[in-house]
Amino acid sequence: MVKEEKERIIIPDENGEEHLFEVLFTFDVEESGKSYMVVEPVGASDEDEEVEVFAFRFEDGEDEEDLALFPIETDEEWDIVEEMLNTFSEQEEDEE
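Because the structure is a prediction, the values reported are computed rather than measured.

Turning to the pattern of salt bridges, a few remarks are in order. Tallied over the entire structure, the rule returns three salt bridges. The partner of R8 in a salt bridge is E22, and the shortest N-O contact between them spans 3.2 Å. Of this pair, R8 sits in strand 1 (residues 8-12) while E22 sits in strand 2 (residues 18-29), placing them 14 residues apart in sequence. A salt bridge links E77 to K34, with the shortest nitrogen-to-oxygen separation between them at 4.0 Å. Residue E77 is located in helix 1 (residues 75-95), and its partner K34 is located in strand 3 (residues 34-41); the two are separated by 43 residues in the primary sequence. E77 sits in the buried class, given a relative accessible area of 9%.

Here the focus is the side chain of R57. Along the chain, R57 falls in strand 4 (residues 54-60). Given the relative accessible area of 17%, R57 is considered buried. A polar contact of 3.0 Å, which involves the side chain of R57, links it to the side chain of E59. When neighbours within four sequence positions are excluded, R57 is seen to be in contact with K34, S35, Y36, A68, L69, F70, I72 and E77.

Spatial strand order, 1-2-3-4-5: five strands in an open sheet with antiparallel pairing. With one partner strand each, in any of the chains shown, strand 1 and strand 5 (67-70) form the two edges of the open sheet. Within the sheet, the average angular offset between the axes of one strand and its neighbour, ignoring direction, is 50°.

Another aspect to go through is the pairing of strand 3. Among the eight residues of strand 3, six are classified as buried, and the element is accordingly described as predominantly covered. Two elements, strand 2 and strand 3, share eight bridges in a ladder whose sense is antiparallel. Bridged to F27 within strand 3 is Y36. Linking strand 2 back to strand 3 in an antiparallel pair, the connection comprises four residues, with G33 at a positive phi of about 75°. In terms of strand pairing, strand 3 meets strand 4 through five bridges, oriented antiparallel. Bridged to V39 within strand 4 is F54.

Calculation rules
- Residue numbers restart at each chain and count upward from 1, following the sequence in its written direction.
- Per-residue local features of the predicted model are confined to residues with pLDDT of at least 70, and side-chain atom pairs are confined, for both listing and counting, to 80 or more; whole-chain, interface and lining totals are unaffected and use all residues.
- Processing note: side-chain calculations cover all non-hydrogen atoms of the structure and skip hydrogens and water entirely.
- Salt bridges, as used here, are contacts in which a Lys or Arg side-chain nitrogen is within 4 Å of a carboxyl oxygen on Asp or Glu.
- Secondary structure elements follow DSSP: runs of H or I no shorter than four residues count as helices, runs of E no shorter than two count as strands, and numbering proceeds from the N terminus.
- Accessible area is worked out with a 1.4 Å probe on protein chains only. A residue is then buried under 20% of its type maximum, exposed over 50%, and partly exposed in between.
- Polar contact criterion, stated in full: a pair of N or O atoms within 3.5 Å, where within protein one must be able to donate a hydrogen and the other to accept it, and residues adjacent in sequence count only if both atoms are side-chain atoms.
- Whether two residues touch is decided by their heavy atoms; if any such pair falls within 4.5 Å, the residues are in contact.
- Any two strands with at least two DSSP-identified bridges between them are counted as paired.
- Axis geometry follows a simple rule: fit a line to the C-alpha atoms, using only the stretch in contact for helices, then measure angles between N-to-C directions, giving values from 0 to 180 degrees.

Read these as layout, nothing more, since geometry by itself doesn't imply function.
Structure, rendered in structure tokens:
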């Protein structure tokens, strides 16, 4: 089985230190016109261990490499992200 290469992004923390993350998936919400991204730290995937994932609302910048990330602030947005994450997890389990 060939493991596909996931997109990776660097996200600085509040101290300015850069961390590498793999993009698990992105999705758009038509009703709001907003886009979301779910990421996990590179090297965090371990079959036996639960991995912490992070979600952000994002907007594409002027060039392809430019991306603006925003924290998810409302319960409604979190509900949407959780629903998509559950769907993604089920699909991953079905592929194994």
